[in-house]
Amino acid sequence: MKKLLKILALGVILVSVTGKTYAAPEKQKPTVILMEVTKSNGGYWSAINLYEDITYTVDNYDATNNIVYAKLNCEGDGFSFCRAPRRAACSSAASVTDNLISSEAIAQIVNKMIEASEQGFQMGQLKGSKTNKSIISVSGKSKLYFGTASWQYDENGNGKVSIRINEDPTGIASRL
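Quick caveat: nothing in here was measured; it's all calculated off a predicted structure.

(A) Representation of the overall build of the protein chain. When helices and strands are counted, the protein chain shows three helices and six strands. Counted from the first residue to the last, the protein chain has its helices and strands arranged as α-β-β-β-α-α-β-β-β. Split into buried and exposed, the 176 residues of the protein chain put 36% on the buried side. Residue pairs in contact within the protein chain that sit at least 24 positions apart in sequence constitute 61% of those at least 6 positions apart. Counting every atom, the protein chain has about 11300 Å² of accessible surface; 55% of that belongs to carbon and sulfur.

(B) Fine view of the environment of S134. Relative to the helices and strands, S134 is located in strand 4 (residues 127-138). For the pair S134 and I106, spaced 28 residues apart in sequence, the C-alpha to C-alpha distance is 9.2 Å. Not counting chain neighbours up to four residues away, the residues in contact with S134 comprise I109, K143, L144 and Y145.

(C) Highlighting helix 3 (residues 104-122). Here helix 3 spans 26 Å end to end across 19 residues, near enough to the 27 Å set by a 1.5 Å rise per residue. Among the residues making up helix 3, those that are buried are I106, A107, I109, V110, N111, M113, I114, A116, S117, E118, G120 and F121. Where helix 3 terminates, the next one or two residues include G124, which has phi positive at roughly 95 degrees.

(D) Here's a closer look at the confidence of the model for the protein chain. When pLDDT is averaged across the protein chain, the result is 80; 75% of the residues are at 70 or more. For the protein chain, the element scoring lowest by mean pLDDT is helix 2 (residues 95-101), at 50; strand 6 (residues 159-167) scores highest, at 93. A low-confidence stretch, residues 89-98 stays under pLDDT 50, and its non-local contacts, those more than four residues away or across chains, total 13 contacts.

(E) How the structure looks around the pattern of salt bridges. Scanning the entire structure with this criterion turns up six salt bridges. K160 serves as the salt-bridge partner of E36, at 3.5 Å between the closest nitrogen and oxygen. Here the residue E36 occupies a position in strand 1 (residues 32-40), and K160 occupies one in strand 6, the gap between them amounting to 124 residues. Here E36 falls in the partly exposed class, since its relative accessible area comes to 29%. A relative accessible area of 44% means that K160 is categorised as partly exposed.

Rules used throughout
Residues numbered from 1 in each chain as written. Predicted model: local features only at pLDDT ≥ 70, side-chain atom pairs only at ≥ 80, totals over all residues. Heavy atoms only, no water. Helix = DSSP H or I, 4+ residues; strand = E, 2+ residues; numbered from the N terminus. Buried < 20%, exposed > 50% of the residue type's maximum accessible area, 1.4 Å probe, protein only. Contact = heavy atoms within 4.5 Å. Areas by Shrake-Rupley, 256 points an atom, 1.4 Å probe, with all protein chains shown as cover. Expected span 1.5 Å × (residues − 1). pLDDT = per-residue confidence, 0-100. Salt bridge = Lys/Arg side-chain N within 4 Å of Asp/Glu carboxyl O.

Written as structure tokens, this is what we have:
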């Protein structure tokens, strides 16, 4: 019995001296991308969505809530479509966020939302909304994203499109 107690005491001492406890990693909050698209002064070309000056910026990254704020401004009459660039250089946000916001798949979701607003405008809907979902491979893992766009234009095609892209918090796409 004494030997058993000695072995147990020695085991407790060894575990307390050499054993390390590891906390479970904190689950990262799902990514949210908020983008505002502004179209103005398109002149005659705004009817077919062509603009002269297209500016894309990532304004801010809220690391606490994992939210990316971006803007796309399209103005002046020109010959370029108002679209998010497929490969954007973003220097103002975290590098992980740069990889996500500049990915071709996210740009494709954003551009689909802009196209939906333009189609709605061409059908006479000055105000409307559209939802979309896409599975995207990010860093070798599949993630599900939900996109929502709401727009409000005037008769000349000037206006704003607000786009929100949410990562699915359940992570179901990674299990497919």
